[in-house]
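# Survey of secondary and tertiary structure
Single-letter residue listing:
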Amino acid sequence: AQVMVPIVDTLTGFAMATVIVVGGSMVLSHSLDVGVMVAFLFYIQRFFDPIRSLTMQYSVMQRAMASGQRISEVLDVPVDVSDKDKAVKLSRDMDGSVEFRNVTFGYRQHLPVLKNVSFRVNPGETVALVGPTGSGKSSSMALVHRFYDVWSGQVLVGGHDVRDLTQDSLGEQVAMVLQEPFLFSGTVLENIRYHKTGASREEVVRAALAVGAHDFIENLPDGYDTELEQ
Ligand SMILES: Nc1ncnc2c1ncn2[C@@H]1O[C@H](COP(=O)(O)OP(=O)(O)O)[C@@H](O)[C@H]1O
Ligand SMILES: [Mg+2]
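Rules used throughout
Residues numbered from 1 in each chain as written. Chains lettered and ligands numbered in written order. Predicted model: local features only at pLDDT ≥ 70, side-chain atom pairs only at ≥ 80, totals over all residues. Heavy atoms only, no water. Helix = DSSP H or I, 4+ residues; strand = E, 2+ residues; numbered from the N terminus. Rg over C-alpha atoms; globule rule 2.2 N^0.38 Å. Contact = heavy atoms within 4.5 Å. Areas by Shrake-Rupley, 256 points an atom, 1.4 Å probe, with all protein chains shown as cover. Lys, Arg positive; Asp, Glu negative; His and termini not counted. Charge placed at Lys NZ, Arg CZ, Asp CG, Glu CD. Phe/Tyr/Trp six-rings, centres within 6.5 Å; stacked < 30°, edge-to-face > 60°. Buried < 20%, exposed > 50% of the residue type's maximum accessible area, 1.4 Å probe, protein only. Polar contact = N/O pair within 3.5 Å; in protein donor to acceptor, adjacent residues only side chain to side chain. Pairing = 2+ DSSP bridges. Axes fitted to C-alpha atoms, helices over the stretch in contact; angles between N-to-C directions. Parallel < 35°, antiparallel > 145°, perpendicular 65-115°, else oblique. Nonpolar A, V, L, I, M, F, W, Y, C, P; charged D, E, K, R; others polar. Near = heavy atom within 4 Å. Domains from an automatic or database assignment.

### So, the overall build of the chain
On a plain count of helices and strands, the chain comes out with 7 helices and 6 strands. Starting at the N terminus and walking to the C terminus, you meet the elements of the chain as α-α-β-β-α-β-β-α-β-α-α-α-β. Compactness check: the chain gives a C-alpha radius of gyration of 32 Å against a globular reference of 17 Å for 230 residues, more than 25% above the reference. Taking the principal axes of its C-alpha atoms as reference, the chain extends roughly 100 × 50 × 40 Å. Relative to all contacts within the chain whose residues are 6 or more apart in sequence, the contacts with residues 24 or more apart total 61%. Carbon and sulfur atoms form 59% of the exposed surface of the chain, whose accessible area is close to 16,500 Å². Averaging the locations of the 19 positively and 27 negatively charged side chains of the chain gives two centres separated by 7 Å.

Right, dumping it as structure tokens:
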């Protein structure tokens, strides 16, 4: 489709050249007024302009179709983590403990990332997992969120195996801050409350205060209403 625009441009050029050569000789032999020839040149432009924009729209459309295909590929990925029939809700007043019991997990068969890992984080404790890149820190966090199921062993949150919980209730209680921050176009306020669109301004400010971002945000040109752009 990218070759279409140059082709249309070339055709326009040829058409104009023809008019100039043929019309020019007719003007010279006094069988045509100069004004008529100039008018024809404009007609040619007016004729090719819509064709040119059509071909440009066509290439935009092709690009959109390619992107759309990519999106539906992602949407078509089979879901392999789903709620059990008897999944229970993780209650809001659970103790907040996290425990790994002999967890073995990996992404590809026979290539475990975590091998027989056990640890317990008690309520109120802060724990840092430290290790070289690729040692499985992010994978462990993905398991707490149950983005994947373990191969063997158990991951417990609040004393429940994450496979016994509904994914919705687990997602409400587990928060994950990613290594690479991602911001949406919109205001700072909207970015903070994108998971809970009904959150009031006060709730957003309270959340920002809790993570120590309030002062930083207040110092932005429009505070919480600063527009973020990519
Ligand atoms: N989505 C994935 N698919 C396949 N392999 C993965 C995926 N995510 C991570 N891995 C592999 O798992 C191992 C642990 O990765 P990761 O948990 O990201 O480690 P860390 O966060 O400690 O750097 C690495 O070898 C990595 O290549
Ligand atoms: Mg990581």
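So that's the structure; there's more coming.
### Overview of the packing of aromatic side chains
Counted according to the given criterion, the structure contains 8 aromatic pairs. For the ring pair F100 and F119, a centre distance of 4.6 Å and an interplane angle of 15° mean the geometry is stacked. Within this pair, whereas F100 is found in strand β1 (residues 98-108), its partner F119 is found in strand β2 (residues 111-121), the two being separated by 19 residues in sequence. Under the relative-accessibility criterion, F100 is labelled buried at 1%. Ring centres of F105 and Y148 lie 5.6 Å apart, and the angle between their planes is 45°; on these two criteria the pair is classed as tilted. Placement of F105 in strand β1 and of Y148 in the loop between α3 (137-144) and β3 (152-157) is noted, with a sequence separation of 43 residues between them. Among the aromatic side chains, those forming a connected cluster through ring pairs are F105, Y107 and Y148.

### Observations concerning the side chain of T166
With respect to the element layout, T166 can be found in the loop between β4 (160-161) and α4 (167-173). Relative accessible area serves as the criterion here: at 15%, T166 is assigned to the buried category. Of the polar contacts made by the side chain of T166, one reaches the side chain of S169; its length is 2.7 Å. With residues near it in sequence (within four places) discarded, T166 still touches D83, A87, V88 and K89.

### Here we look at the pairing of β3
Note that β1 and β3 share 5 bridges and pair antiparallel. Opposite T104, over in β3, you have S152 as the bridge partner. Pairing analysis gives 2 bridges linking β3 to β4, with the strands arranged antiparallel. From the neighbouring strand, V157 faces β4, where its bridge partner is H160.

### Concerning the pairing of β1
Relative to β2, β1 is paired through 7 bridges, and the arrangement is antiparallel. Looking at the pairing, F105 lines up with L114 of β2. Counted along the chain from β1 to the antiparallel partner β2, the turn is 2 residues long, and its residue H110 has a positive phi close to 65°.

### A look at the packing of helix α1 (residues 4-28) against helix α2 (residues 34-75)
With their axes 10 Å apart at the nearest point, α1 and α2 run at an angle of 170° to one another. As far as their axial angle goes, α2 and α1 are roughly antiparallel. Class assignment of the residues belonging to the contact of α1 with α2 gives a composition of 17 nonpolar, 5 polar and 2 charged.

### Concerning the site of ligand 1
As a matter of local geometry, ligand 1 sits amid Y107, V113, P132, T133, G134, S135, G136, K137, S138, S139 and Y148. At 2.8 Å, a backbone N or O of K137 approaches an oxygen atom of ligand 1. Separating an oxygen atom of ligand 1 from a side-chain N or O atom of S138 is a distance of 2.7 Å. Here ligand 1, which alone exposes 560 Å², has 61% of that area covered by the protein.

### What about the domain arrangement of the chain?
On domain assignment, one finds that the chain holds domain 1 (4-75), domain 2 (98-173) and domain 3 (186-228). The gap between the C-alpha centroids of domain 1 and domain 3 is 50 Å.

### Things to note about the sheet that holds β1
The strand order across the open sheet formed by 4 strands is β2-β1-β3-β4, and the pairing between neighbours is antiparallel. Looking at which strands have only one partner, the edges of the open sheet turn out to be β2 and β4. Seen against the sheet, α3 touches β1, β2 and β3 and runs at an angle of roughly 115° to β1.

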